[in-house]
Amino acid sequence: MDDFGVYAAFGVNGPPQKLLSAEGSSRVRVAVPPSVRQVVLFSSGRWGERICVNAELNDSDRMPITIGKLTPYNKCLSWEQWEEETWIDSVTLNVSLEGGNLSTEPEVIMAVKEYTPKDTAAPPAARELHGKRKRAQTAEEEEGGNDWTKRREEEENMCPNATSEKTTPVRKVRGQAKGSQKLFASGADTTKLKGAGEKGAPLASPSGRWGQTLCPIDAQTAILIGGQGARMQFCKDPMWKLCTEDMSWVAAETLAEGPTPEARIGHTAIYDPDSRRIFVFGGSKNKKWFNDVHILDTQSWKWTMVEAQGKVPPLAYHSCSMFQGELFVLGGVFPRPNPEPDGCSDSLYIFDPRLSIWYQPIVTGDKPSPRSGHSACVMQERKIYVFGGWDTPVCYNDMYMLDLGLMEFSAVKTTGNPPSPRSWHGSTVLSDTKFLIHGGYNGNNALSDAFIFDIDTNSWTEVRVPELSVPRAGHSIITMETAGHRCFSEEDEDADMNGGRTLLVFGGGDNEGNFYSDLTTVAVEELLGAI
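As the structure is a computational prediction, the values presented were derived from the model and not from experiment.

Trainee: Whenever I open this one, the sheet that holds strand β9 (residues 108–111) confuses me. Can you help?
Mentor: Strands in a sheet are paired, the pairing made by backbone hydrogen bonds, and the direction either parallel or antiparallel. Spatial ordering of the open sheet is given by β6-β5-β8-β3-β9, a layout of five strands whose pairing is mixed. Sheet topology places β6 (64–70) and β9 at the edges, where each strand pairs with a single neighbour. Taken pair by pair, the neighbouring strands of this sheet meet at an average axis angle of 20°, ignoring direction.

Take a look at the structure:
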């Protein structure tokens, strides 16, 4: 007997209600009562050949507030209203099953049986107060009230896309024109989303997004994790596998066992070739911040969450570098209690996976000022070069170098034509002595220029290639071997690490409401030849 079922509990006192079963429709829509502030979704019974259960909480315009997925390895989801800024009223839960013998019956629309315990304050009053508070804020914003403007100006280091689409307030920043800082404010029509598939159709490639990570794990494979798309919605397809042999994508969320990381942006993902594991750290989701470490074993395809010792603050938009099997985490945004604005870090934290412990090393020299959205490149297995970033309202284009032998920072005096100040740019190592900086955000616009830095001469050179002419920020840049650019053989005396390698650029946004899902490729030798 097939005893599979999907259940939901609405509110802390609500009894579980069956939404899907082995018999009947594979799709259901439920109107969540206005008094409900928590929803728990879970499965029970044998999964058999079923692949996953997709779940969405939608607002009154049927736009997703948050999304999730049940799998045979992740059988429970929960949401609370305080985590989702756009969860107000008229919320619906949409649940659909994939895999197995799916029914052809139409979607079922259900009602929730509300449970009201005795001596409980009436929900309508609470709802009315909540609505008044929202309306009051909107009115103050439209009238340019001093108190509201002051609060907005104090929200330093807040990701510029952290606004709701219905009001789309623009944060004022000292010294900048009104209307700046709107990167990914998500007021655009979703029809402009680059690479979006038709509604209901399975995606053959990732949806448009920014703030994701793209992590190479071998010569022809990279893993995409996380990101956020139009209207501030976290991507429904948070994990993909890229095969560079034919430039194909495979949805990978259901391929791995164990608890997958919660949807997020501004996190880091880095691969350790010795242990063949990906380490995901930090990031944020709306007003929720993370300091967790998730590990994906690429041999067993199993996720684990580390119970680490030591202290590290929740961080987003930090940098993370791998050196001798340890993670070097620098800078980033961290939350502060209200009414203080969020702040930027200038601290260096190191995570030792062998001992599962965080520690802060003793570092000397001239270290970078607090910042987030910067880049960090490990060069010659002995130096980390840190470039750019911002600490509201200042954007940086300075360069610092951390000597990993001496654990000493120093400011790098550069020559040539340097990049303008920016954050959320892309960066990658091109050779033993050169790395690339591309695009980013300067507080007003997304950028499209590209620069190569030579650590031997400490010089910048701007390079111009048509493939890198699209303005974008929050994108991913990596270098890999591709089918069209094979490496030279070991017998070739002229072979080096550049031969046969290709630069891949994925995703990002243009500060005009467009989010990209295109995969752009450029031969590394072409970039180096443009110097």
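Trainee: Would you take a moment to explain unusual backbone geometry for this structure?
Mentor: Most peptide bonds take the trans form, and the phi angle of most residues other than glycine is negative. The peptide bond linking Thr392 to Pro393 adopts the cis configuration, its omega dihedral lying at 5°. Locating Pro393 in the fold gives a position in the loop between β29 (390–391) and β30 (394–395). Located in the positive-phi region is Trp301, a residue other than glycine, with phi close to 50°. Within the fold, Trp301 resides in the loop between β18 (293–297) and β19 (302–305). With relative accessibility at 17%, the residue Trp301 sits in the buried group. A positive phi angle, near 55°, is found at Asn458, a position not held by glycine. Mapped onto the elements, Asn458 comes out in the loop between β36 (446–454) and β37 (459–463).

Trainee: Please clarify how the packing of aromatic side chains should be interpreted in this entry.
Mentor: One pair of aromatic rings is described through two measures. These are the centre distance and the angle between the planes. Tallied over the entire structure, the rule returns 20 aromatic pairs. Geometrically, the ring pair formed by Trp210 and Trp424 is edge-to-face, given 5.4 Å between the ring centres and 75° between the ring planes. Pair noted here: Trp210 is in the loop between α2 (146–153) and β10 (213–218) and Trp424 is in the loop between β33 (415–416) and β34 (426–429), with a separation of 214 residues, a long-range link. Classification of Trp210 as buried rests on a relative accessible area of 1%. Relative accessible area serves as the criterion here: at 7%, Trp424 is assigned to the buried category. Geometrically, the ring pair formed by Trp424 and Tyr441 is stacked, given 5.9 Å between the ring centres and 20° between the ring planes.

Trainee: Teacher, can you tell me more about the side chain of Asp237 here?
Mentor: Among the secondary structure elements, Asp237 is positioned in the loop between β11 (221–225) and β12 (239–243). Here the side chain of Asp237 touches Arg209 through a polar contact of 2.9 Å, side chain to side chain. Not counting residues up to four positions away in its chain, the partners in contact with Asp237 are Leu203, Ser205, Pro206, Ser207 and Arg209.

Trainee: What's the story with the pairing of β11 in this structure? I'm lost.
Mentor: If a strand is regular, its side chains alternate between the two faces of the sheet. Counting buried residues along β11, five of its five residues qualify, which places the element largely inside the surrounding structure. Of the two faces of β11, the one carrying Thr221, Ile223 and Ile225 and the one carrying Ala222 and Leu224 are both buried. Bridge count for β10 against β11 is five bridges, and the pairing is antiparallel. When the sheet's bridge partners are listed, Pro216 is paired in β11 with Ala222. For β11 and β12, the ladder comprises five bridges, and the chain directions are antiparallel. Note on β12: the bridge partner recorded for Ala222 is Leu242.

Trainee: Just to check I follow, could you spell out the environment of Met239 for this structure?
Mentor: Topologically, Met239 is positioned in strand β12. Setting aside residues no more than four positions away along its own chain, Met239 makes contact with Ile223, Leu224, Ala251, Ala252, Glu253, Leu296, Trp301 and Trp303.

Trainee: What is the right way to read the side chain of Glu253 from this model?
Mentor: Following the sequence through the fold, Glu253 ends up in the loop between β13 (248–251) and β14 (268–272). Those residues in contact with Glu253 that sit more than four places away from it in its chain are Lys69, Lys236, Pro238, Met239 and Thr260.

Trainee: Before we go on, may I ask you to explain the pairing of β14 in this structure?
Mentor: The element β14 is largely enclosed, with a buried count of five among its five residues. Alignment of β14 against strand β15 (residues 277–281), held across five bridges, turns out to be antiparallel. In the strand pairing of β15, Ile270 is matched with Phe279. From the end of β14 to the start of β15, which pair antiparallel, there are four residues, and Arg276 there has a positive phi angle of about 55°.

Trainee: It is not clear to me how the sheet that holds strand β26 (residues 364–365) should be interpreted in this structure. Could you clarify?
Mentor: The strand order β26-β32-β31-β28-β27 describes an open sheet built from five strands, whose pairing is mixed. Strands with a single pairing partner mark the edges of an open sheet, and in this sheet they are β26 and β27 (375–379). The pairing of β26 with strand β32 (residues 408–411) spans two bridges and is classified as parallel. Counterpart to Thr364 in the pairing with β32 is Glu408.

Conventions we followed
Residues numbered from 1 in each chain as written. Predicted model: local features only at pLDDT ≥ 70, side-chain atom pairs only at ≥ 80, totals over all residues. Heavy atoms only, no water. Pairing = 2+ DSSP bridges. Helix = DSSP H or I, 4+ residues; strand = E, 2+ residues; numbered from the N terminus. Axes fitted to C-alpha atoms, helices over the stretch in contact; angles between N-to-C directions. Buried < 20%, exposed > 50% of the residue type's maximum accessible area, 1.4 Å probe, protein only. Phe/Tyr/Trp six-rings, centres within 6.5 Å; stacked < 30°, edge-to-face > 60°. Polar contact = N/O pair within 3.5 Å; in protein donor to acceptor, adjacent residues only side chain to side chain. Contact = heavy atoms within 4.5 Å.

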